[in-house]
Structures are given as C-alpha cells and as structure tokens.
Amino acid sequence: MPDFPIRKIAVIAEEIVHDGGPAAQKPRLRAAALAVAKNPFAGRYAEELQPAMEDLKPLGLLLTDRLIASLGGDVKAIDSYGKGAIVGTEGEIEHGALWHVPGGYAMRERLGGAKAIVPSAMKVGGFGASLDVPLGHTNAAYVRSHFDAITVCAVDGPRPDEIVFVLAMAVGGRIHDRMGGLAAADIKLWDGQR
C-alpha cells in the first residue's frame, strides 16, 4: 500500500464583498484546503495506480472537514465545489488523477450526497506553481452563477517528489452574476445536470 506522508496543510478562506459593483447584502464565501504530500510514485513508472486512491480517502475527508469549518460549518449553505492537484516534476499527471475519487466523494459524502460532477484541474508543476481550481454548483452542472475558480499554490511546493492535493468549496454564486441560465432556486430534476 502506498503512503502519502503529509508535509503541510493549508486553508485559504475568502470573503468577497463586491467585484467592482455594489456591495452584496451577504458576502460570498470561498475557500480551498490543500495538502502537500509525498508522492510514492515519483521518479518511476507504476502500471497499477488505482488501489492508491483508497489510501487517500482519509485525506479527502480531512480536507473536506477543514473546508466546511472554514466556511462556517453549515453544510446546507455550501453550494459549490471543485478539486485539483499539482504533481511535482518527478511525477506524472496521472498521479494527480488519484485524487478524483477520494477528493470528490469525500465532499459529496460530507455535503449529504451532492449530485453534480465535481469540476477538476490537474497539472505537473514546479516549486510554487499555482492552480486555478474550477468550481461548479453541487447539485446542477448547468447553474451558470456558480461557474468560477479559486487560485491556489503552496509557495514551498510541490517539491519534485510531492503532490499538492486541493479541495475547494463556496457559499453562493458569483457576487454580481447576471449571465442568466438555470438559477439555483430553479433546480428541478436533481440529476446532477438540471
């Protein structure tokens, strides 16, 4: 079983009051939690990677719990999520894909079975690389007001033999959303799409 020792965890929380227009009645909350961990596959090619997803499930739950706490603790208020990974230069992009199941399902579980696919971004990057983690509505992929991203980086990572695993969540859509489409209040099918 691979081991992913964690070197550090960070939580970034934002309170967005306005985006150039009038101040919102209620600020939008957006946060990301990241863990910088050792990549057990760095420097070599491994044919079989999928079993390692199981080893990352506790990390998914840990980061999800930190995110929920940073956003005030009310899971019913959280309506946007996303995930991502930055793989150090001795790894490959497929090592970042290990995060799909443990990161996505942890958030779905803690949020009470969210329906929509969890948007994702991955890349191989050097020391201090940033990643724009996409965000989308938790229950309906067609809710345009929640299309967004939060930029994250670990200023001292990833080292070549590390992976930065990221989860992100938000409360509310973009502050000055006015692009139409399906409104969150109008979700009807509860199929993850509409």
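For the structure given in this document, a descriptive report is provided here. (Residues numbered from 1 in each chain as written. Predicted model: local features only at pLDDT ≥ 70, side-chain atom pairs only at ≥ 80, totals over all residues. Heavy atoms only, no water.)

Thoughts on the pairing of strand 2 (residues 28-38)
Argument step 1. For strand 2, a buried count of nine out of 11 residues is recorded, marking the element as mostly surrounded by other parts of the structure.
Argument step 2. Bridge count for strand 1 (residues 6-16) against strand 2 is 10 bridges, and the pairing is antiparallel. The residue of strand 2 that forms the bridge with alanine 10 is leucine 34.
Argument step 3. Sheet topology places strand 2 next to strand 7 (residues 162-171); 10 bridges connect them, and they run antiparallel. Each bridged residue has a counterpart across the sheet, and for leucine 34 the counterpart in strand 7 is valine 166. (Buried < 20%, exposed > 50% of the residue type's maximum accessible area, 1.4 Å probe, protein only. Helix = DSSP H or I, 4+ residues; strand = E, 2+ residues; numbered from the N terminus. Pairing = 2+ DSSP bridges.)

Quick notes on the nonpolar core
A general tendency of soluble globular proteins is for nonpolar side chains to be buried together.
Argument step 1. With 32 residues, the main nonpolar core has Phe4, Tyr81, Leu98, Phe165 and Met169 as its most contacted residues.
Argument step 2. Where this core is concerned, the elements lending two or more residues are strand 2, helix 1 (52-70), strand 3 (80-87) and strand 7.
Argument step 3. Among the elements that take part in this core, helix 1 stands out by supplying seven residues, more than any other.
Argument step 4. Ala32, Val36, Ala129 and Leu135 belong to the second largest nonpolar core, which has 16 residues in total. (Core = buried A, V, L, I, M, F, W, Y, C linked by side-chain atoms within 4.5 Å.)

Here's the deal with the side chain of asparagine 39
Argument step 1. Mapped onto the fold, asparagine 39 is located in the loop between strand 2 and helix 1.
Argument step 2. At a separation of 2.8 Å, a polar atom in the side chain of asparagine 39 contacts the main-chain amide nitrogen of phenylalanine 41. (Polar contact = N/O pair within 3.5 Å; in protein donor to acceptor, adjacent residues only side chain to side chain.)

Section: the pattern of salt bridges
Argument step 1. If you walk through the whole model with that rule in mind, you get 11 salt bridges.
Argument step 2. When the shortest N-O distance is used, the salt bridge between aspartate 156 and arginine 7 registers 3.0 Å. Of the two residues, aspartate 156 is situated in the loop between strand 6 (148-153) and strand 7 and arginine 7 in strand 1; the sequence distance between them amounts to 149 residues.
Argument step 3. Taking relative accessible area as the criterion, aspartate 156 reaches 22% and is therefore assigned partly exposed.
Argument step 4. For aspartate 65, the salt bridge identified is with arginine 110, shortest N-O distance 2.7 Å. Here arginine 110 lies in helix 3 (residues 100-110) and aspartate 65 lies in helix 1, a separation of 45 residues in the sequence.
Argument step 5. The exposure class of aspartate 65 is partly exposed, given its relative accessible area of 36%.
Argument step 6. Arginine 110 gets classed as partly exposed once you look at its relative accessible area, which sits at 30%.
Argument step 7. Three or more residues are tied together by salt bridges with common partners; here these are Arg7, Lys8, Asp156 and Glu162. (Salt bridge = Lys/Arg side-chain N within 4 Å of Asp/Glu carboxyl O.)

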